[in-house]
Amino acid sequence: GVGGRLFFGSSSGDVYSLDSQSGCQYWTFRASSTVRTAITAAPLPDGGYAAYFGDTQAFVYALDAQTGTLLWKTHIDDHKMARITGAPKLVAGRLYVPVASGVEEMAAAQQGYPCCTFRGSLVALDAQSGKQVWKTYTIPDAPRETGASASGTKKFGPAGVSIWNSPTIDRKRKLIYAGTGNDYTEPRTPYSDAVFAFDMDTGAVR
């Protein structure tokens, strides 16, 4: 909460602003899909506050925290499984957003689904405009075809290594730390189940 208000999302995609004492509702905003992230509230350069969050279709939003008015909305990953589950972090005018996915391995149980092609990433956005500054994938190499299943469905890899958590900021070293999840398919990578350190300015993996 901030300024006597609470901010939170929901499975319906509704985002709420409530009075922290009375529970009275100030406003509701409807996102494109489920909002699992915590809401990041921070001052705007010209006064007031913004509320930042992501949804399960990999959209990132900035709202006027006072009114619930949309300031900008940015899609940060085109993969149909991409989603945002960790709260964005705001530092020095940049918003750092972790990207995860739905459970793509389970989708592979569907006949004809070419598993797997999603790669986790960390994305830096300009907090004022929502424009992308940089994007770094947790797996450097794009998935390639690795064969076919017994039913003839194409298989791809490497894939996975989502960032599910909200990243941690190290202002002294100008680094961002984030933990990663599992590989989704062969070939295995050295990047899964790990801790990454990203350069805040460039996104380079340190």
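Here is what the cut-offs are and how they apply
Residues numbered from 1 in each chain as written. Predicted model: local features only at pLDDT ≥ 70, side-chain atom pairs only at ≥ 80, totals over all residues. Heavy atoms only, no water. Phe/Tyr/Trp six-rings, centres within 6.5 Å; stacked < 30°, edge-to-face > 60°. Buried < 20%, exposed > 50% of the residue type's maximum accessible area, 1.4 Å probe, protein only. Helix = DSSP H or I, 4+ residues; strand = E, 2+ residues; numbered from the N terminus. Lys NZ or Arg CZ within 6 Å of the ring centre and 35° of its normal. Pairing = 2+ DSSP bridges. Axes fitted to C-alpha atoms, helices over the stretch in contact; angles between N-to-C directions.

**Examining the packing of aromatic side chains**
- In the structure shown here, the tally under the stated rule is 11 aromatic pairs.
- When the centroid spacing of 6.5 Å and the interplanar angle of 50° are considered together, the rings of Phe59 and Tyr61 count as tilted.
- In this structure Tyr61 comes out as buried when scored by relative accessible area, which is 1%.
- Taking 6.4 Å as the distance between ring centres and 25° as the angle between the ring planes, the aromatic pair formed by Phe118 and Tyr184 counts as stacked. Here Phe118 is found in the loop between helix H1 (104–107) and strand E11 (121–126), whereas its partner Tyr184 is found in the loop between strand E16 (175–179) and strand E17 (195–199), with 66 residues between them in sequence. No difference in accessibility class separates Phe118 from Tyr184, as the two residues are buried.
- Site record: aromatic cluster; members linked through ring pairs are Phe29, Phe53, Phe59 and Tyr61.
- Above the plane of the ring of Phe59 lies Lys73, whose end atom (NZ or CZ) is 4.4 Å from the centre.

**So, the sheet that holds strand E3 (residues 25–30)**
- Pairing within the open sheet is antiparallel, and its 3 strands lie in the order E1-E2-E3. At either end of the open sheet lies a strand with only one pairing partner, and these are strand E1 (5–8) and E3. Across the sheet, the mean angle separating the axes of adjacent strands is 10° when strand polarity is ignored.
- Where E1 lies against strand E2 (residues 14–19), 4 bridges are found, and the strand directions are antiparallel. Following the sheet pairing, Leu6 is matched in E2 by Leu18.

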